[in-house]
Amino acid sequence: SRDDPQDIAPRFAEALDGLEQLGDPVLWNACFFQSPLVGTPGMRAVLERFDAGAMRLVGQTPGLLRAGVLNSRMARAVETGDVPAARHWLRLAAEDTAWLGHPHALLVEHLIYAIVVHALAGDRAAAEASAAHARREIDNASRSERLTHGHESVFSELRMRWLLGDDTLLPAVAVSLVVALTAGDVISP
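Residues numbered from 1 in each chain as written. Predicted model: local features only at pLDDT ≥ 70, side-chain atom pairs only at ≥ 80, totals over all residues. Heavy atoms only, no water.

Some remarks on the overall build of the chain
Then comes step 1: The helix and strand tally for the chain stands at nine helices and zero strands.
Then comes step 2: For the chain, the α and β elements follow one another from N to C terminus as α-α-α-α-α-α-α-α-α.
Then comes step 3: A fraction of 62% describes how many contacts in the chain between residues 6 or more apart in sequence connect residues 24 or more apart.
Then comes step 4: Accessible area of the chain: about 9300 Å², with a carbon and sulfur share of 58%. (Helix = DSSP H or I, 4+ residues; strand = E, 2+ residues; numbered from the N terminus. Contact = heavy atoms within 4.5 Å. Areas by Shrake-Rupley, 256 points an atom, 1.4 Å probe, with all protein chains shown as cover.)

Here you go:
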């Protein structure tokens, strides 16, 4: 069925077949945002294939596609608990994001993962700075961007608070998550 998560990987693989056959860098570049698919059943091998194809096109040249690949690799490292690899990909993605002038969609995606990577590494100051930066970006974004990224940011902050043992702040962040999911607006805890 269309709503079955098991169908996502085969459909993505079909789309990737088309990208590979056409070899058009413009089309590849339009597909830079892959990290939300990390953890979806069957996606690991397909994402790795996407990464390999994308990196063949861009090499070491900073750009949306390369930064998206780096963020996807960072997300997969978080998924497997490989904190050193996650920090490595985080650093490289931050360099590309900065080189590109911090485009909003890429920056927010990067910050959402940075919150968790820093918390996993036990770096409270960096995790809280990333969370504050993400809140500012989302608070100043359009309503559609808040609807797209607001709950992700708050959920990452909830994970950060849990990872850092901030039990007293969990209820306030949980309220922010409910607000983000129901009204589309994020309130800062």
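Description of the side chain of Asp96
Then comes step 1: Mapped onto the elements of the fold, Asp96 is located in helix 5 (residues 83-99).
Then comes step 2: Setting aside residues no more than four positions away along its own chain, Asp96 makes contact with Pro62, Gly63, Arg66, Ala67 and Leu70.

A closer look at the nonpolar core
Then comes step 1: Core analysis: the biggest nonpolar cluster contains 29 residues, and Trp28, Val46 and Phe50 have the highest contact counts within it.
Then comes step 2: Going through the elements one at a time, helix 1 (8-22), helix 3 (43-58), helix 4 (64-80), helix 5 and helix 6 (104-120) are the ones with two or more residues in this core.
Then comes step 3: At seven residues, the largest contribution of residues to this core is made by helix 4.
Then comes step 4: Discounting residues that sit within four places of it in the chain, Trp28 has contacts with Leu16, Leu19, Glu20, Gly23, Phe50, Gly53, Ala54, Leu57 and Leu65.
Then comes step 5: Of all hydrophobic cores here, the second largest spans nine residues; its members include Leu111, Ile115, Ala127 and Leu164. (Core = buried A, V, L, I, M, F, W, Y, C linked by side-chain atoms within 4.5 Å. Buried < 20%, exposed > 50% of the residue type's maximum accessible area, 1.4 Å probe, protein only.)

Description of the pattern of salt bridges
Then comes step 1: Throughout the structure, instances matching the rule amount to 15 salt bridges.
Then comes step 2: A salt bridge links Asp123 to Arg87; the nearest nitrogen and oxygen atoms lie 4.0 Å apart. Of this pair, Asp123 sits in the loop between helix 6 and helix 7 (124-139) while Arg87 sits in helix 5, and the two are 36 residues apart along the sequence.
Then comes step 3: Across the salt bridge formed by Arg135 and Glu157, the nearest N and O atoms sit 2.6 Å from each other. Of this pair, Arg135 sits in helix 7 while Glu157 sits in helix 8 (residues 143-163); the two residues are 22 residues apart in sequence, bridging distant segments of the chain. A single burial state applies to Arg135 and to Glu157, both of which are buried.
Then comes step 4: One network of salt bridges, in which partners are shared, links Arg124, Glu128, Arg135, Glu157, Arg161 and Asp166. (Salt bridge = Lys/Arg side-chain N within 4 Å of Asp/Glu carboxyl O.)

Some thoughts on the confidence of the model for the chain
Then comes step 1: In this model, the chain carries an average pLDDT of 85, and 88% of its residues clear a pLDDT of 70 or more.
Then comes step 2: Of all secondary-structure elements in the chain, the lowest mean pLDDT belongs to helix 9 (residues 170-183), at 63, while helix 5 reaches the highest, 94. (pLDDT = per-residue confidence, 0-100.)

Details of a nonpolar patch on the surface
Then comes step 1: A cluster of nonpolar residues, Leu120, Trp162 and Leu163, forms a patch on the protein surface that exposes about 300 Å² of accessible area.
Then comes step 2: Counting through the fold element by element, Leu120 comes out in helix 6. (Patch = residues over 30% accessible without salt bridge, like charges linked within 9 Å, V, L, I, M, F, W, Y side chains within 5 Å.)

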